[in-house]
Amino acid sequence: MNVFTFLFRTLRGRIAQPSGHPQSRTPAKRGSSDVLSMQHVLDEFRDCADLTHRSFPEIQVHLVYFSFLSDPDKLDRDVIRPLRGVTREEVPRLLRETQFQAVTDRKQLIEGILKGQTALFYRDEPYLVDVLGPKERSIGQSETETVITGPHDAFNENAGSNLSLIRKRVRSSHLKVVKLSVGEVAKNDVYVLYIDGIVNPIYVQKIIERVRQIEVDAITDTSMLIQYIDDSPLSIFPQFLTSERPDAIASKLVSGRVIGMMDGSPSAFSAPTSLFEFFTSSDDYYQRWLLGTGTRLLRFVAFGITVTFTALYVAVATYHYEMIPANLLPTFVESRSRVPFPPVYEALLMETTIELLREAGARLPTKIGQTIGIVGGIVIGQAAVQAGFTSNILIIAVASSAIASFVIPSYVMSASIRLVRFGLILLAGLWGNFGLAIGLAFVVIHLSGLTSLGASFISPLAPLQFKDWKDTFIRAPFKMLKERPEQTEALNPVRMKTRK
Amino acid sequence: MKARKLALLLLPLAALCGCGQQRVLERLGFININSYDLLPDGQLKMVAFIPKITGEGDSQTGESSSGQTGNVQMSGQTSGEVLTTTAHSSKEARMIQSRQTNWELVSGQLRNTLFGISVAKQGLWPYVDTLIRDPTISPRLKLSIVDGEAGDMLNKNYPQHPGVGRYIDRLLEKEIQDQGIPRVLLYDFERDYFDDGLDPVMPILKDAGDNVEISGIALFRDDKYVARIDSKDGVLLHMLRGKTRNGEINIEAPDGGKGLSHAMLSSLASNRKFKVGKDAAGRISVRITLDVEASVLEYMGELKIGDDRQRAKLEALIAESLKDRAENLIDLMRKNRADGIGAGTAVRNHIGYAAWKNMNWREEWAGAKITVHVKMKINNFGKFR
Amino acid sequence: MQEKLSYTQALILLYIVQAGLVLFRFPQVEAQYFGSNGWSALLICFAASTLNILMVAGIYKLGQGKSVYDILERTIPRVLLFPVYFAVVAVWAMMASLAAKEYIHILKMVAFPTIHSSVFMIVLGLLAYYLYGKGIYSISKAAIVFLFLTVWMTLLLLFFFSDFRWSRLTPFLFREGTDYVKGFFNLYPAFLGYELSLVLFPYSDKKTKLTQAAFMANLYLTLLYVYVSIICFGVFHYNQLKHKLFPVLDLLAAVKFPFMERIENLFYGFFLFANIVTVAVYYWSAVETGLRIVPKMNRKLLGFVLIAAATGVAAIPDTLMETEEWLREIGYAGFVVSFGFPLILLAVLPFQRRKGKSGLEST
């Protein structure tokens, strides 16, 4: 474990402590936690303006709840109306109805209220009623991971509905869900999903352990969570795959991976992951196999282009003029002749511009974003060439490597790769092709050292598993995909019975 | 964490050596053709041609860069800089030349080197040696000989063909493609020079007024020019040197004694075989078999090409003619003690090392019995019977 | 628990370690010392290296896969072993740094004639240290990736299909060579690297089939060398090869694509991938041995010190010729180590078997 992360975590943990944790404010000596009087609860939640306290004095019933967390219709139907219709004698009978759960534990009571349940006190005996119903985003399409064919539903911010999306796809009693909580203050729910009998329990244990070890005030998204639990937090590459697509996540589940979800986050993560998984999309499986294979290979080509193309331009224009064929030389020299900067600066300038455009497009509403793309791409590009700021060959290089980077399905990975590109451009400007090779070697060495939950991050490539290549670099016909990937070390590696 | 440490260490290094050594495209003067001539006083005259492709200070550049690329090349290469120097060595000449220009002269884009016939007679090796030694010079550099002064060819303006370097390069490229001349790249020449069973050859260029023409092929003994063959025998030489895939040759076949006729063989494919033996007197004999297939698209003569029997006769006549020409060619080589077809390699591989070393192949070659056999086959004669 | 190397990992690791050293010039060595058909000398080297690997196999079997240092230290007092260890460390570390140095010198010739070589040496040293620090398991993973990044380049040589003439190979064997014995010792460093499998014993188990991997790596390497040399001898004449310092680079330089020429400029950089693995693994092995002398020392620190020292020593020869001279000499030393070290072990082992029976039972 890294010293930095350790320090970071402990620091964060320390900050979390005094920051008004509800439990820590209740002095422990004041009584055992078995005291469940309403007064204690109200004490606990004092200064919470959104807490509602309703009394029905004639039947000695009090309701305590967060009005914004509960569904007013449900509350009215399940609680208020029945209470209005009873007399004092009838209350115990009413409380035997199913929606009222008697609570004995103080912690449970508090957490229930925090979750949006309504607490009902009848002569200081607490009950909880489930009337949760804050508004949530309906299940819609994923904006970041789109497919052409195949299911279009995506996770939303509600873990319950996300779990239901998975359950709908994997109808098996072997699909197990472990519920954990993370965040000392925020107490976010984390669900760890796996399929018993397929998954290697070591991985489940590792994830659970790591999530439990997190001591931080709050984690608000899965993408944030995985940075707390991955193997090398300082690496530029994400080591867990995140996805918003339930179909993708379901397929990861059955291939023996562990899935993690968070309440409040529309993405789930899967682990262990390999680098090459970031280059696959559900679409590959929904298309015919040759097309799927072609698309996959295209993505790897795109990877090559986006990492090396601009750097190669810089190297060639700065050091290796010999490499330009005679037919291309005039074009090259002519386009360079009016540029006042050395190729490195020129390339960095253009790359930065492209990144600016991308970031601006991402932050603005879709329609304006498009305009930005057009204005930036065409107008700036054209003007820059005409003004002699950049050469048009560089524009081609930069634009094609930018486009190539967007071919990679995972946004996180494509962003990381674009960052790597900057390093390579610098090195290429420094030492030409040798610098490029140094940079690539550095990336390869770094990748070889990476692990995801302890499993190799470049899995079917190293350790070499040719068997898995047919579902990594290509997408072989389903008939040939008989086994689960080696990386998951699944207990039951066979996914398809051999047809005789 | 390691990564960061490494990056921190790399950074100052980056600052240290970011300068020097750069060869940024637009500051370079790319020599794309150069020439060597020997002056009567023993000095070396070297001419280098730098095509002008940048159009610096030219207001047209902006327009042309947004126009078609083809246009750019044409307009960009209308002229170039010609640097002429005399010096004792080629590298010294380079130094003097670089003082004459505002460009940083580089030879990484050198495509052609021309040798004046004066240099070729003296021996090319010292110059070729320098070319090989320089790691920036491509092994794919084309070598040719100029009939006369090579430098004049670069100094002369061919108005119909702007950019003399590119012009000559394309001319040679095309002829090599059509197998009219053997391909003589730097490493081809070097290899043939070192090979003891083969002598190098090289195309000869000649200034023909408004054009440059390929006037023949030079035969070498080691690195020295000894004789030349006519350019019309170029394909034949190619056939004798090895496999030919796409040749074209004009045959003047005596048409059964009824006056001259001629046939044009195109899409010619041929295969050469050596058979080494000894004649009755114990002398080396080499039998060269040429297996030729070609289509005849033009034939002027008495024979009916559509008729099977007459076509067979024509095949025999062509074969006869080819044989005669090949034997004449070989006789020329033998007379000059130059083995331009590589018969020596076949003999060497046949007779064993000791015998080969004891033999002076050049002398043997002059006296050996060399026979040529041509198997001619017309595989089609167009779409008209 | 340390993960054990798999069979393919061990194979590829050893293969790359072997290939990284003199890839550019071995056809020249063949032509210079053996003359015509000098590539056949590779087969002699192959036989010798196979013999050596058999010795390693014997040690593995007799020693039941125990660390070679443990084997030595059980019989010979450690103090006596120090000079041996020291020699091994020095030879291996210097082989690594000189291999890097030669790479840098060629790089300078090809692309950066005026930059001082120590700049690149430091960069390469840092990169080697970075790779070394990842541990042998990760090094072997990186080796696999590097293999895939470089192995396809052999296909580029098919470009010379039309230039290739069998007749140029001549039917003569070893004519016009100079000194066969010297030639053998100069060519043999091209095969060195398999001896590092001695150090890999503790990192492998039954499933690794380490000695088989070493054998196959050696076989594949020989096939690669034979392939490259035959192309060289068939495209260049052997008399020409004698004069070519880096025939493989010249071959690459003659390859031409419509969009790129002079690809040796680019692919020379790619050979860094093979080179860096060789360098890192030699350093790693040297450190493994060095830890026997100073067992208390931090592994990373020792690695850093060693790499820094070796890089420093390698800075002394400052021309390509001098570096090659040094490399040649360290190659002889490497040869001695690769045969001598196993010989000591084989001498010690039978001794231990008798004694070791009881020793084994007690542990």
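What you see is a predicted model, and the numbers here were worked out from it, not measured in a lab.

Rules behind the numbers
- Residues numbered from 1 in each chain as written.
- Chains lettered and ligands numbered in written order.
- Predicted model: local features only at pLDDT ≥ 70, side-chain atom pairs only at ≥ 80, totals over all residues.
- Heavy atoms only, no water.
- Pairing = 2+ DSSP bridges.
- Helix = DSSP H or I, 4+ residues; strand = E, 2+ residues; numbered from the N terminus.
- Axes fitted to C-alpha atoms, helices over the stretch in contact; angles between N-to-C directions.
- Contact = heavy atoms within 4.5 Å.
- Domains from an automatic or database assignment.
- Buried area = accessible area lost by both parts, 1.4 Å probe.
- Salt bridge = Lys/Arg side-chain N within 4 Å of Asp/Glu carboxyl O.
- Polar contact = N/O pair within 3.5 Å; in protein donor to acceptor, adjacent residues only side chain to side chain.
- Nonpolar A, V, L, I, M, F, W, Y, C, P; charged D, E, K, R; others polar.
- Buried < 20%, exposed > 50% of the residue type's maximum accessible area, 1.4 Å probe, protein only.
- Parallel < 35°, antiparallel > 145°, perpendicular 65-115°, else oblique.
- Patch = residues over 30% accessible without salt bridge, like charges linked within 9 Å, V, L, I, M, F, W, Y side chains within 5 Å.
- Areas by Shrake-Rupley, 256 points an atom, 1.4 Å probe, with all protein chains shown as cover.
- Lys, Arg positive; Asp, Glu negative; His and termini not counted.
- Charge placed at Lys NZ, Arg CZ, Asp CG, Glu CD.

Student: Which parts of the structure should I look at to understand the sheet that holds strand β9 (residues 258-262) of chain A?
Tutor: One key point about sheets: their strands pair by backbone hydrogen bonds, in either a parallel or an antiparallel sense. All names here are of chain A. Here we have 5 strands laid out as an open sheet, ordered β6-β7-β9-β10-β8, and antiparallel in their pairing. Among the strands making up the open sheet, the edge pair consists of β6 (175-182) and β8 (241-243). Pairwise comparison of adjacent strand axes, ignoring direction, gives a mean angle of 25 degrees for this sheet. Bridging between strand β7 (residues 188-195) and β9 involves 4 bridges; their strand directions are antiparallel. Directly across from Leu193, in β9, lies its bridge partner Ile259. On the sheet, helix α9 (residues 222-229) packs against β6, β7, β8, β9 and β10 (268-271) and is oriented at approximately 30 degrees with respect to β10. Here helix α10 (residues 246-254) sits on the sheet in contact with β6, β7, β8, β9 and β10, set at roughly 55 degrees to β7.

Student: Is there a simple way to explain the sheet that holds strand β1 (residues 51-56) of chain A in this structure?
Tutor: Residue and element names in this part refer to chain A. One open sheet holds the 5 strands; their spatial order is β1-β2-β4-β5-β3, and the pairing between them is antiparallel. Lying at the two open borders of the sheet, with one neighbouring strand each, are β1 and β3 (100-102). Strand-to-strand twist across the sheet, computed as the mean angle between neighbouring axes with direction ignored, equals 25 degrees. Relative to strand β5 (residues 125-129), β3 runs antiparallel, the two sharing 3 bridges. Directly across from Phe100, in β5, lies its bridge partner Val129. Each of β1, β2 (61-66), β4 (118-122) and β5 is contacted by helix α6 (residues 106-115), which is oriented at about 35 degrees to β5, the strand it contacts most.

Student: Help me understand the domain arrangement of chain B in this model?
Tutor: Quite often, the size of an interface is put as the accessible area lost when its parts meet. All names here are of chain B. We note that the domain assignment places domain 1 (27-52 + 75-241) and domain 2 (242-385) within chain B. Placing a centre on the C-alpha atoms of domain 1 and another on those of domain 2 gives a separation of 30 Å. On the domain 2 side, the residues contacting the 25 residues of domain 1 number 36 residues. Taking both partners together, domain 1 and domain 2 bury about 2500 Å²; carbon and sulfur atoms supply 58% of that area. Looking only at domain 1, the three residues that lose the most surface to domain 2 are Leu236, Met239 and Leu240, adding up to 30% of its buried area. Between domain 1 and domain 2 we count 6 salt bridges in total. Of the charged contacts, one joins Asp222 and Arg362 as a salt bridge, the two residues approaching to 3.3 Å between their closest N and O atoms. At the surface where domain 1 touches domain 2, the tally comes to 19 residue pairs in polar contact (both at pLDDT 80 or more). For the side of domain 1 that touches domain 2, the element with the highest residue contribution is helix α10 (residues 234-241), accounting for 7 residues. Each residue belonging to the side of domain 1 that touches domain 2 can be placed in one class, and the counts come to 12 nonpolar, 3 polar and 10 charged.

Student: Help me understand helix α7 (residues 159-169) of chain A, please; the structure alone is not making it clear to me.
Tutor: Working note: α-helix, 3.6 residues per turn, so residues spaced by three or four point in the same direction. All names here are of chain A. Turning to α7, its buried residues are Ala159, Ser161, Asn162, Leu163, Leu165 and Ile166. Lining the buried residues of α7 we find β6, β7, α10 and β9. Two or three places before Gly160, at the opening of α7, Asn158 has a side-chain oxygen 2.7 Å from that residue's backbone nitrogen.

Student: Please clarify how the packing of helix α2 (residues 26-34) of chain C against helix α9 (residues 180-187) of chain C should be interpreted in this entry.
Tutor: Packed helices, taken two at a time, are described by the angle their axes make and the gap between the axes. All names here are of chain C. Contact geometry for α2 and α9: axes closest at 9 Å, N-to-C directions at 170 degrees. Relative to α9, α2 is oriented roughly antiparallel. For the pair α2 and α9, the contacting residues are Phe26, Val29, Glu30, Tyr33 and Phe34 in the first and Tyr180, Lys182, Gly183, Phe184, Asn186 and Leu187 in the second.

Student: Is there a simple way to explain the interface of chain A and chain C in this structure?
Tutor: Contacts between the two partners involve 32 residues from chain A and, on the opposite side, 38 residues from chain C. Roughly 2900 Å² is buried in total at the junction of chain A and chain C, and carbon and sulfur atoms are behind 79% of that figure. When residues of chain A are sorted by the area they lose upon contact with chain C, A:Met323, A:Phe434 and A:Ile445 head the list and together hold 23% of the total. At the boundary of chain A with chain C, the tally comes to 0 salt bridges. Counting every contact that joins chain A to chain C gives 6 residue pairs in polar contact (both at pLDDT 80 or more). For the side of chain A that touches chain C, the secondary-structure elements that each account for two or more residues are α17 (411-449) and α18 (466-469) of chain A. In terms of residue count, the dominant contributor to the side of chain A that touches chain C is α17(A) (14 residues). Across the side of chain A that touches chain C, the residue classes break down as 24 nonpolar, 7 polar and 1 charged.

Student: For this particular structure, what's the right way to read the pairing of β1(A)?
Tutor: Regular strands place side chains that alternate from one sheet face to the opposite one. Residues and elements named next belong to chain A. As paired elements, β1 and β2 share 6 bridges and run antiparallel to each other. Residue pairing across strands places Arg54 opposite Leu63, the latter belonging to β2. Here β1 folds back onto β2, and the loop between the two strands holds 4 residues, one of which, Gln60, carries a positive phi near 60 degrees.

Student: Mind showing me how you'd approach a positive patch on the surface here?
Tutor: A surface patch of like charges, here positive, comprises B:Lys273, B:Lys275, B:Arg287 and B:Lys375. Following the sequence through the fold, B:Lys375 ends up in strand β14 (residues 369-380).

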